[in-house]
Amino acid sequence: MAQTSDDDLRYGFGTRAIHAGQAPDPSTGAIMPPIYQTSTYVQDSLGHHKGFEYARTRNPTRDALERNLAALEGGRYGLAWASGLAATDAVLKLLSAGDHVICGENVYGGTHRLMVQVFQRLGLSFTFVDARDAGRVEDAITPATRMVYVETPTNPMMRLTDLAAVGEIARRRDLLFVVDNTFATPYFQTPLEFGADLVLHSTTKYLNGHSDMVGGALVMSRDDLAERLGFLQNAAGAVPGPMDCWLTLRGTKTLAVRMRQHDASARRLAAWLAERPDVLRVYYPGLPTHEQHDLACRQMRGFGGMISLELGSLERARRVVGAVRLFALAESLGGVESLIGHPASMTHASVPPAMREAMGLTDGLIRLSVGIEDTEDLLQDLEQALARAGDGP
Ligand SMILES: *Cc1c(COP(=O)(O)O)cnc(C)c1O
């Protein structure tokens, strides 16, 4: 686990993104942190080494990334993982058999699968609630509850959790409050400010931003959590390799400028889509018609690049994803290139159909990850795809 210094936290976001955790290499002056592609480190003598013994435990490239990510979230400690789900796995391993978790019902499909198909068998129990309403979170608390786990905005329904309200409940009832901040990124939202104990990321998405690796991260300020999670990182070993750490670090350098462009294009596309009669509904927290737009304005500094659309039927969804030329049909999100996906059959196929139905995740829903291509080109691509899909059923 790597720790931020006061210096790392002193500067503005764009400056932290480029400098936090990274100093020119002392042996050569290399301005970029080297990729320490090594499994072990030579020791000076018995019991004397330079802080590095074995690369599962510590790697200098990973240290740089961990410090950088912690600085971006405004936290004290960062821990990098082999994937976002490896980070979630570690978070759940903070608990013991018999413990109960309250989770937002609209979390990433893989998060739901890990909870229900892996940790439930090991003795944890889960209640999934509509976390748009902090009251429902509070009502679900039992004497066994230890953790509240939410995503905001959620994937793909763009529902928000009131971080200050749930943070206050968690603090009062002494529950760990975990926030998956993958969609908003720390550029637009910093959950630690609102009382979150742990911030989780799939760095695969916006933080890396170039769709060329898979990784995860946790950021926290509490010493006890950093110590236990650092122990789990070494004990279970789901660590990222140095090359992937380096790619993520290269990605975070441009996070601020990328997010500004994702956000600007998504606002324009969402407003344009909302005007079209052949689009039944647009889910985007930046639209004044979004039911939680005011909350979005309170806890986010921008709305990001994710938009979901209701097209009314599986057939129309199929025609639109088949007709786009620039938007590529693929899982994942947050890269420089625009993607289109069909959550019901792709990212959320592992969520039970009844649960999908209950949250409005229909077969006619498609999700856009708006990239940083020219906005007008993206708009024209959607226009021609919607025209070709027609407005029949
Ligand atoms: C992708 C994703 C994850 C899982 O991350 P991986 O890196 O794919 O393991 C978790 N949460 C959200 C919101 C995601 O989009």
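Residues numbered from 1 in each chain as written. Predicted model: local features only at pLDDT ≥ 70, side-chain atom pairs only at ≥ 80, totals over all residues. Heavy atoms only, no water.

Student: Just checking my understanding: could you explain the overall build of the protein for this structure?
Tutor: Assigned secondary structure in the protein consists of 15 helices and 13 strands. In terms of overall size, the protein behaves like a compact globule, its C-alpha atoms giving a radius of gyration of 21 Å where 393 residues would be expected to give roughly 21 Å. C-alpha extents for the protein along the principal axes are approximately 75 × 50 × 35 Å. Looking at the protein as a whole, 58% of its 393 residues qualify as buried. Contacts in the protein between residues far apart in sequence, at least 24 positions, make up 75% of those at least 6 positions apart. In the structure as shown, the protein presents an accessible area of about 16000 Å², 52% of it carried by carbon and sulfur atoms. Here the protein holds 38 positive side-chain charges and 46 negative ones, and the gap between their average locations is 2 Å. (Helix = DSSP H or I, 4+ residues; strand = E, 2+ residues; numbered from the N terminus. Rg over C-alpha atoms; globule rule 2.2 N^0.38 Å. Buried < 20%, exposed > 50% of the residue type's maximum accessible area, 1.4 Å probe, protein only. Contact = heavy atoms within 4.5 Å. Areas by Shrake-Rupley, 256 points an atom, 1.4 Å probe, with all protein chains shown as cover. Lys, Arg positive; Asp, Glu negative; His and termini not counted. Charge placed at Lys NZ, Arg CZ, Asp CG, Glu CD.)

Student: Explain the domain arrangement of the protein here, please?
Tutor: One widely used convention gives an interface's size as the accessible area the parts lose upon coming together. Taken domain by domain, the protein consists of domain 1 (2-252) and domain 2 (255-389). Residue-level contacts link 44 residues of domain 1 with 45 residues of domain 2. Taken together, the links from domain 1 to domain 2 amount to three salt bridges. Contributing elements (two or more residues each) for the side of domain 1 that touches domain 2: helix H2 (13-19), helix H5 (109-119), helix H7 (163-172), helix H8 (185-188) and helix H10 (242-253). Among the elements that make up the side of domain 1 that touches domain 2, the one with the highest residue count is H8 (four residues). Considering only residue class, the side of domain 1 that touches domain 2 consists of 20 nonpolar, 17 polar and seven charged. (Domains from an automatic or database assignment. Salt bridge = Lys/Arg side-chain N within 4 Å of Asp/Glu carboxyl O. Nonpolar A, V, L, I, M, F, W, Y, C, P; charged D, E, K, R; others polar.)

Student: What's the story with the environment of Thr 347 in this structure? I'm lost.
Tutor: Topologically, Thr 347 is positioned in the loop between strand S12 (339-341) and helix H14 (353-358). Residue classification places Thr 347 among the buried residues on the basis of a relative accessible area of 11%. Each C-alpha atom of the pair Thr 347 and Pro 156 lies 9.1 Å from the other, and the pair is 191 residues apart in sequence. Those residues in contact with Thr 347, other than ones at most four positions away along the chain, are Gly 109, Glu 331, His 342 and Arg 367. For Thr 347, the side chain forms a polar contact with the side chain of His 348, separated by 2.9 Å. (Polar contact = N/O pair within 3.5 Å; in protein donor to acceptor, adjacent residues only side chain to side chain.)

Student: Would you explain the nonpolar core in this entry?
Tutor: As a rule of thumb, soluble globular proteins bury nonpolar side chains together. Core analysis: the biggest nonpolar cluster contains 34 residues, and Leu 273, Val 282 and Ile 307 have the highest contact counts within it. Mapped onto this core, the elements with two or more residues apiece are helix H11 (255-274), helix H12 (293-299), strand S10 (306-310), helix H13 (314-323), strand S13 (365-369) and helix H15 (375-389). Ignoring anything within four residues of it in the chain, the contact list for Leu 273 reads Val 279, Val 282, Ile 307, Leu 309, Leu 368, Leu 382 and Leu 386. Counting residues in each nonpolar core, the second largest holds 33 residues, with Ala 80, Met 158, Leu 192 and Val 351 among its members. (Core = buried A, V, L, I, M, F, W, Y, C linked by side-chain atoms within 4.5 Å.)

Student: What's the story with the sheet that holds S12 in this structure? I'm lost.
Tutor: Strand pairs in the sheet, formed through backbone hydrogen bonds, run parallel or antiparallel to each other. Pairing in this open sheet of five strands is mixed, and the strands run S9-S10-S13-S12-S11 from one edge to the other. The open sheet has two free edges, formed respectively by strand S9 (281-283) and strand S11 (328-329), since each of these has just one partner strand. Relative to S13, S10 runs antiparallel, the two sharing five bridges. Residue pairing in the sheet places Ile 307 in a bridge with Leu 368 of S13. Its contacts with the sheet put H13 on S11, S12 and S13, and the angle it makes with S13 is roughly 25 degrees. (Pairing = 2+ DSSP bridges. Axes fitted to C-alpha atoms, helices over the stretch in contact; angles between N-to-C directions.)

Student: Mind showing me how you'd approach the pattern of salt bridges here?
Tutor: Between side chains of opposite charge, pairing is possible as soon as their charged atoms come close. Going through the model one piece at a time under the given rule, you end up with 25 salt bridges. Of the charged contacts in the structure, one is a salt bridge between Asp 99 and Arg 146, with a shortest N-O distance of 3.7 Å. Here Arg 146 lies in strand S5 (residues 145-151) and Asp 99 lies in the loop between helix H4 (84-92) and strand S3 (100-104), a separation of 47 residues in the sequence. Note that Arg 132 is salt-bridged to Glu 291, the shortest N-O span being 3.0 Å. With a gap of 159 residues between them, Arg 132 in the loop between strand S4 (125-129) and helix H6 (134-139) and Glu 291 in the loop between S9 and H12 connect regions that are remote in the sequence. For Arg 132, a relative accessible area of 27% puts it in the partly exposed group. Taken together, the salt bridges that share partners define one network made up of Glu 105, Asp 130, Arg 132, Arg 159 and Glu 291.

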